[in-house]
Amino acid sequence: MKKVAIIMGSDSDLPVVSKAADTLKQFGVPYEVHIYSAHRTPEQAKAFSESARENGFGVIIAAAGMAAHLAGAIAANATLPVIGIPMKSKYLDGIDALLSTVQMPSGIPVATVAIDGAVNAALLSVEILAVSDSELAAKLAEKRAADTQKVLEKNEAAQKQFNV
Ligand code: RP5
């Protein structure tokens, strides 16, 4: 199976981005975590992106905050699907990173998830890999069904508590 790369701009992103790793682990999808910054380590970010396909990756998740150029810079140097996670920061609540990540020019796509949307970034990665992996697709269907069941149980509990 292809690996997912989880790249983040700083170790300060780890508390949120580690949820992507946890989610991939639940699906048994192999992944690697790296800290590369578009601004602080541009050469390393470029080298990683350029060699990602030959190194066995199928999807790259890139998380960054503030003037978040990481996902775009990685996408510029790779033709693998790149999923951007805009990270919330203390000044502009992540709107800065959201706009920096989502507003890519034509030709260099970045699939951007919600601010701090690490779980969805991982799920989208699994969905991409599951296009050609029926076992993984079955695991996704199972998770959807389990999630639906949880909401139905909460609905039932709420009805018992509030509806006479
Ligand atoms: C971005 O700047 C990082 O992705 C992080 O979200 C933000 C702040 O980084 P630190 O100053 O905490 O290292 O590049």
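This section reports on the structure supplied with the text. (Residues numbered from 1 in each chain as written. Predicted model: local features only at pLDDT ≥ 70, side-chain atom pairs only at ≥ 80, totals over all residues. Heavy atoms only, no water.)

Observations concerning the packing of helix α5 (residues 118-130) against helix α6 (residues 134-162)
1) Next: Close contact between α5 and α6 brings their axes to 8 Å; oriented N to C, the two are set at 140°. Considering the angle they form, α5 stands oblique to α6. The hand of the α5/α6 crossing is left-handed. Touching L123, V126, E127, L129 and A130 of α5 are L136, A137, L140, K143 and R144, all from α6.
2) Next: Of the residues belonging to the contact of α5 with α6, the class tally is seven nonpolar, no polar and three charged. (Axes fitted to C-alpha atoms, helices over the stretch in contact; angles between N-to-C directions. Helix = DSSP H or I, 4+ residues; strand = E, 2+ residues; numbered from the N terminus. Parallel < 35°, antiparallel > 145°, perpendicular 65-115°, else oblique. Left-handed = near helix turned anticlockwise from the far one by under 90°. Contact = heavy atoms within 4.5 Å. Nonpolar A, V, L, I, M, F, W, Y, C, P; charged D, E, K, R; others polar.)

Section: helix α4 (residues 95-102)
1) Next: Of the positions making up α4, those classed as buried are D96, A97 and T101. Relative to the axis of α4, the buried residues are bounded by an arc of 115° and lie together on one face.
2) Next: Those residues of α4 hidden inside the fold are in contact with β3 (57-65), α3 (70-76), β4 (82-87) and β5 (111-112). (Buried < 20%, exposed > 50% of the residue type's maximum accessible area, 1.4 Å probe, protein only. Arc of directions from axis to C-beta.)

Considerations on the site of the ligand
1) Next: Near the ligand the following residues occur: G9, S10, S12, D13, R40, A64, G65 and M66.
2) Next: When the free accessible area of the ligand is taken as 360 Å², the share hidden by the protein chains comes to 72%.
3) Next: For the ligand, the cavity whose grid points lie within 2 Å of the majority of its atoms is the largest pocket.
4) Next: Partitioned by chemical class, the residues of the shell around the ligand number two nonpolar, four polar and two charged. (Near = heavy atom within 4 Å. Areas by Shrake-Rupley, 256 points an atom, 1.4 Å probe, with all protein chains shown as cover. 1 Å grid on protein atoms, 1.4 Å probe; cavity = no way out; pocket = protein on both sides within 12 Å on 5 of 7 lines; lining within 4 Å. Sits in = over half its atoms within 2 Å of the grid points.)

Here we look at the environment of G9
1) Next: With respect to the element layout, G9 can be found in the loop between β1 (3-8) and α1 (14-26).
2) Next: Among the residues examined, G9 registers a relative accessible area of 17% and is labelled buried.
3) Next: Each C-alpha atom of the pair G9 and L70 lies 6.9 Å from the other, and the pair is 61 residues apart in sequence.
4) Next: Among residues more than four places away in sequence, those in contact with G9 are I35, Y36, S37, R40, A63 and L70.

Observations regarding the sheet that holds β1
1) Next: A sheet is described by the order of its strands in space; here five strands give the open sequence β2-β1-β3-β4-β5, paired in parallel fashion. In this open sheet, the two strands that pair with only one neighbour each are β2 (31-35) and β5.
2) Next: Strand direction decides the pairing type here: β3 and β4, joined by six bridges, are parallel. Bridge pairing in β4 links A63 to I85.
3) Next: Docked against the sheet, α5 engages β1, β3, β4 and β5, running at close to 165° with respect to β3. (Pairing = 2+ DSSP bridges.)

What to know about the pattern of salt bridges
1) Next: For the structure on display, the rule yields six salt bridges.
2) Next: The partner of K46 in a salt bridge is E50, with the nearest N and O atoms 2.9 Å apart. Of the two residues, K46 and E50 are both situated in helix α2 (residues 42-51); the distance of four residues between them amounts to about one turn of the helix.
3) Next: K46 gets classed as partly exposed once you look at its relative accessible area, which sits at 36%.
4) Next: Residue classification places E50 among the partly exposed residues on the basis of a relative accessible area of 45%.
5) Next: One continuous salt-bridge network, built from bridges that share partners, spans K143, D147 and K150. (Salt bridge = Lys/Arg side-chain N within 4 Å of Asp/Glu carboxyl O.)

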